[in-house]
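Here's the letter readout for the chains.
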Amino acid sequence: MKPVQWIRRELGLFRHTPFERKYMNDTNIRTSIYMSVVILALETWMMIRYVHERPGRSFWEYLDGETNYLILFTSGLVVLSFALSHLHNTNRNTLNKAGIFIALLSIFIDIMIAVRYIYVNHSQQSLSSLLWSLKYMVLLLMLSVGYLVFEMFISMKPETRQAIYGQFLNVVFGLICLGFGIETSAYDVSRERQILCFVTMVIYVACLLIWKPYVSLGILSASFLYFWGKWKPVMEASDSPYAAKILEANWINFLTFWIALTMISFSIYQQRLEEARKEESIISANERLKKIAVIDDLTGIGNMHQFSPDALEALSKKDNLIYLFLNIENFKNYNDQFGYQAGNDYLKETAEAICRYFPGDPVARQGDDHFVVLTDILGHRERLDQLRHDLLSRNSEIYLDLKAGAYLPSEPDLDPHIAVDRARYAASLIKNHYDKTYKEYNDKVDQDFHRRQYIVNNIDNAVEKGYIKVFYQPVVWSHDHKLCGCEALARWDDPEFGFLSPGAFIPVLEEYRLIHKLDKCIFETVCRDLRESMDKGWTVVPVSLNFSRLDFELMDAVSVLKELTEKYNIPKHLLHVEITESALTDDMGILQEAMSKFHEDGFAIWLDDFGSGYSSLNVLKDYSFDVLKIDMKFLSNFENNEKAKTILKTIVELASGIGMRSLTEGVETAEQAQFLKEVGCGRLQGYYFGKPMPHADIADKIGKGEYVIGEIL
Ligand code: C2E
Ligand code: CA
Ligand code: CA
């Protein structure tokens, strides 16, 4: 380290950080508590002793004799009161009445002493020496007024600004103590007594003022010099034969003492500074950790850990607050198109905009492109509209929308996670509804929400207790309407919610990635039903099974089916695998692989809902199927739509052109059946031939000859 740097560091010639300043201040103020208590005790004792030794005097006579003790005592009282008020009551917002009283009392005592002093001494002293004698009263006045100002105006302000104030009061207090130390000892040495009072006071002040070393250096050096100036003439005037020697010895001792004391105060300072820095780094590390835990990295706004307590606090203070869940619709495409960086920027801007339109409200990012807000119900729709408008105006190249779900909490202490879940659910109901951007959670939504929760929580139970049923819908040959197979369709017959159709529970199970539990149960029931029929010696028809795209992610679908056929000893040709077209739009290696394994194992694969999506033809190109199930939407409005007929005809021809057979779903009339037969669609399925029904019913109908089993391929 360079000498200049070293000197600067040792003398403290640099700026403290606010934390260091506060740390130094607080430790000094803590020290001043002990110091002022000592002063108070000492001066009380001195005053009692004075009165005790001189009985029978008047109040004013005592006052004249005890002026110095009283000044010290009063300044000790002020400093003690300041220290306690500063350390124990930071961040309060009411005035400290006791402190103000002490400040006023001290001002009163100070003025009384000063007036009395002038009254007694003005005739004997010159004006300048009179004024000089008043210096301690002036210092005490500064201390008391300073303290009064602190109590009335400063104590309620941010803490760091108080630091300089605390140091100021301590310096003034230190000066008073030093002054008295010097004067008492000067008086003592003139009577050949020791310099004990000076020594005590300098040590005392050196410990009290661990602040900037150059300040300590200045104050200590000035005190030593000043005292030496008073002491030296006394020694020189001595008529002792050893006077010269004593003077020399004292001079050296005095210098050594000054150096030692200065060094001690420097070293205490360095030690404290180091402590302060250590503590600051620990605190800042803690704060960083805390921040990481509650702040969303990307946008800098809070996450749910922060939102929850904030929301509860806001709700405890204010009524009529509403939870909003915001979702940027189609954001995935934005990311795909412009890249992650641009996506991240958009999310940051969204967070900023939300904070702008909902200033002061608890807000958070709940992962992905989801944000939550708790805001005043009054005007929240307008603010939402403005936010939406602002956000959408930033991008014109790609379709994006801001969807909001809202939930008005039924009670203020409802868990914010539950509340946000409800708002989120409301938002999910308007997903892909281009004309809707806002949905409030209401009773109907609530029922729905509970049903969903129920489904998610009870799928295991439903499988175990047999609430999951399989219904079979017949599939017939178009040329003779004889049975060629049937499709297994799931039903949930619940003791609480009644009969649930797949539309109610399949999307929920898919969303929560539980669909494989249901499908496994359906597959097993179908195998069991087939086994039972075969054991009874009935002729059976193949059954097609619906596979969800997620079945291939959540379980080893191929092995599951294979094991079931082995367990129930079912010939492979009796089971068809139905995979919907929408499952194949994502480029999925696992699905390709699973499909080839199914084929290797001897299962036929049927493409379900052909024509319902956007990439039907690609699917045909990339995968191979045995049967193509034409989506029932082509039959809606069939009678007066010539185009639909042409399309149907074309699809059937296309399928046969690439070696696939076709089946049309949703056949409801004889005309439709007739037409499909004419265009060459081999298989038909629909209400015209029969609705999905329990196994016993379809077996019964076969038994009664209502369905005649046709050729089985
Ligand atoms: P999907 O596979 O396309 O099944 C055909 C749906 O059309 C069935 O509805 C059936 O009842 C209905 N349907 C049949 N013929 C007609 C008709 O002539 N007119 C009309 N309007 N509808 C007809 P369901 O049983 O409600 O099933 C709905 C969807 O739920 C199914 O569509 C399938 O995607 C899914 N699903 C059903 N069961 C299962 C299952 O066990 N596993 C999986 N993963 N999905 C299933
Ligand atoms: Ca199907
Ligand atoms: Ca279908």
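Residues numbered from 1 in each chain as written. Chains lettered and ligands numbered in written order. Predicted model: local features only at pLDDT ≥ 70, side-chain atom pairs only at ≥ 80, totals over all residues. Heavy atoms only, no water.

Quick notes on the pairing of strand β7 (residues 483-494)
Phase 1: In terms of residue burial, β7 counts as a mostly covered element, since 11 of its 12 residues are buried.
Phase 2: Bridge count between strand β6 (residues 468-477) and β7: nine bridges; the pairing is antiparallel. Its bridge partner being in β7, P474 is matched across the sheet by C486.
Phase 3: Relative to strand β9 (residues 543-547), β7 runs parallel, the two sharing two bridges. Bridging across to β9, C486 finds its partner in V543.
Phase 4: Relative to strand β8 (residues 498-500), β7 runs antiparallel, the two being bridged by three bridges. Bridging across to β8, D493 finds its partner in F499.
Phase 5: Here β7 hands over to β8 after three residues, the two strands then running antiparallel side by side. (Buried < 20%, exposed > 50% of the residue type's maximum accessible area, 1.4 Å probe, protein only. Helix = DSSP H or I, 4+ residues; strand = E, 2+ residues; numbered from the N terminus. Pairing = 2+ DSSP bridges.)

Let's talk about the pattern of salt bridges
Phase 1: Under the definition given, this model contains 36 salt bridges.
Phase 2: Of the charged contacts in the structure, one is a salt bridge between R365 and D296, with a shortest N-O distance of 3.0 Å. One end of the pair, R365, is in strand β2 (residues 363-365); the other, D296, is in the loop between α10 (243-294) and α11 (304-317), and 69 residues separate them in sequence.
Phase 3: Bridged by salt links that share partners, the residues E349, R356, D390 and R394 form one connected network. (Salt bridge = Lys/Arg side-chain N within 4 Å of Asp/Glu carboxyl O.)

A short note on the confidence of the model for the protein chain
Phase 1: Averaged over every residue, the pLDDT of the protein chain is 90; the share at 70 or more is 98%.
Phase 2: Summarising per-element confidence for the protein chain, the mean pLDDT is lowest in helix α22 (residues 616-622) (80) and highest in strand β14 (residues 683-685) (98). (pLDDT = per-residue confidence, 0-100.)

What about empty space enclosed by the protein?
Phase 1: Going through the model one piece at a time under the given rule, you end up with two cavities of 30 Å³ or more.
Phase 2: Looking at the largest cavity, its volume works out to about 70 Å³.
Phase 3: Lining the largest cavity, in full, are R381, L384, D385, R388, L402, A404, T437 and Y438.
Phase 4: Looking at the lining of the largest cavity, the elements with two or more residues in it are α14 (380-393) and β4 (401-407).
Phase 5: Per element, the largest residue contribution to the lining of the largest cavity is four residues, and it comes from α14.
Phase 6: Of the residues contributing to the lining of the largest cavity, the split by class is four nonpolar, one polar and three charged.
Phase 7: Computed from the structure, the second largest cavity encloses a volume of approximately 30 Å³.
Phase 8: For the lining of the second largest cavity, the elements supplying multiple residues, two or more each, are α14 and β4.
Phase 9: Taken together, the residues of the lining of the second largest cavity sort by class into six nonpolar, no polar and one charged. (1 Å grid on protein atoms, 1.4 Å probe; cavity = no way out; pocket = protein on both sides within 12 Å on 5 of 7 lines; lining within 4 Å. Points joined across faces, edges and corners; volume = space filled by probe spheres on them. Nonpolar A, V, L, I, M, F, W, Y, C, P; charged D, E, K, R; others polar.)

Remarks on the coordination of the calcium ion (ligand 2)
Think of it this way: four donors in a tetrahedron around the metal ideally sit 109.5 degrees apart, and six in an octahedron ideally sit 90 or 180 degrees apart.
Phase 1: Binding of the calcium ion (ligand 2) to the protein goes through E487 (OE), N546 (OD1), E578 (OE) and D608 (OD), at separations of 2.1 to 2.3 Å.
Phase 2: When the donor residues of the calcium ion (ligand 2) are listed from N- to C-terminus, their spacing reads E-x58-N-x31-E-x29-D.
Phase 3: Between the calcium ion (ligand 2) and the calcium ion (ligand 3), the interatomic distance is 3.9 Å, and D608 donates to each metal, bridging them. Of the two residues, E487 sits in strand β7 while D608 sits in strand β11 (residues 604-610), which places them 121 residues apart along the sequence. (Donors = N, O, S within 2.8 Å, 3.2 Å for Na, K, Ca; no water.)

Describing the side chain of T299
Phase 1: Position of T299 among the secondary structure elements: in the loop between α10 and α11.
Phase 2: For T299, a relative accessible area of 15% corresponds to the buried category.
Phase 3: One polar contact links T299 to D296, side chain to side chain, over a distance of 2.5 Å. (Polar contact = N/O pair within 3.5 Å; in protein donor to acceptor, adjacent residues only side chain to side chain.)

Section: the state of the cysteines
Phase 1: Applying the stated criterion to the full structure yields zero disulfides.
Phase 2: Free of any disulfide, C484 has its nearest neighbouring cysteine sulfur in C486, separated by 9.2 Å.
Phase 3: Note on C484: relative accessible area 4%, which makes it buried.
Phase 4: A residue is classified by how much of its surface remains accessible, and C486, at 6% relative accessible area, is buried. (Disulfide = S-S within 2.5 Å.)

A closer look at the site of ligand 1
Phase 1: Looking at ligand 1, there are 21 residues lining it, with Q473, D519, M632, E668 and Y687 nearest.
Phase 2: Residue N546 places a side-chain N or O atom 3.1 Å away from an oxygen atom belonging to ligand 1.
Phase 3: With respect to ligand 1, the backbone of Y687 contributes an N or O atom lying 2.8 Å from an oxygen atom.
Phase 4: Relative to its unbound accessible area of 790 Å², ligand 1 is 81% covered by the protein chains.
Phase 5: Counting residues per element, the ones that place at least two in the shell around ligand 1 are β7, α17 (502-511), α18 (515-535) and β11.
Phase 6: Residue composition of the shell around ligand 1, grouped by class: nine nonpolar, five polar and seven charged. (Near = heavy atom within 4 Å. Areas by Shrake-Rupley, 256 points an atom, 1.4 Å probe, with all protein chains shown as cover.)

Points about the packing of aromatic side chains
Phase 1: Using the criterion set out here, one finds 37 aromatic pairs in the structure.
Phase 2: Considering the side-chain rings of Y407 and Y441, the 5.2 Å spacing of their centres and the 90° angle between planes classify their relative orientation as edge-to-face. Of this pair, Y407 sits in strand β4 while Y441 sits in the loop between β5 (438-440) and α16 (443-465), and the two are 34 residues apart along the sequence. Across this residue pair, the class does not change: Y407 and Y441 are buried.
Phase 3: Plain terms: the ring middles of F471 and F499 are 5.8 Å apart, the flat faces sit at 50° to each other, and that makes the pair tilted. Separated by 28 residues along the polypeptide, F471 in strand β6 and F499 in strand β8 bring together distant segments of the chain.
Phase 4: According to the relative accessible area criterion, F471 is buried, its value standing at 15%.
Phase 5: Judged by relative accessible area, F499 falls into the partly exposed class, the value being 48%.
Phase 6: Sitting over the face of the ring of W45, R49 holds its NZ or CZ atom 5.5 Å from the ring centroid. (Phe/Tyr/Trp six-rings, centres within 6.5 Å; stacked < 30°, edge-to-face > 60°. Lys NZ or Arg CZ within 6 Å of the ring centre and 35° of its normal.)

Examining the environment of Y407
Phase 1: Taking relative accessible area as the criterion, Y407 reaches 5% and is therefore assigned buried.
Phase 2: In sequence terms Y407 and I164 are 243 residues apart; their C-alpha atoms lie 50 Å from each other.
Phase 3: In this structure, Y407 is in contact with I322, Y323, L414, A419, R422, A423 and Y441, ignoring residues within four places of it in sequence.
Phase 4: Side chain to side chain, Y407 and S410 meet in a polar contact 3.5 Å long. (Contact = heavy atoms within 4.5 Å.)

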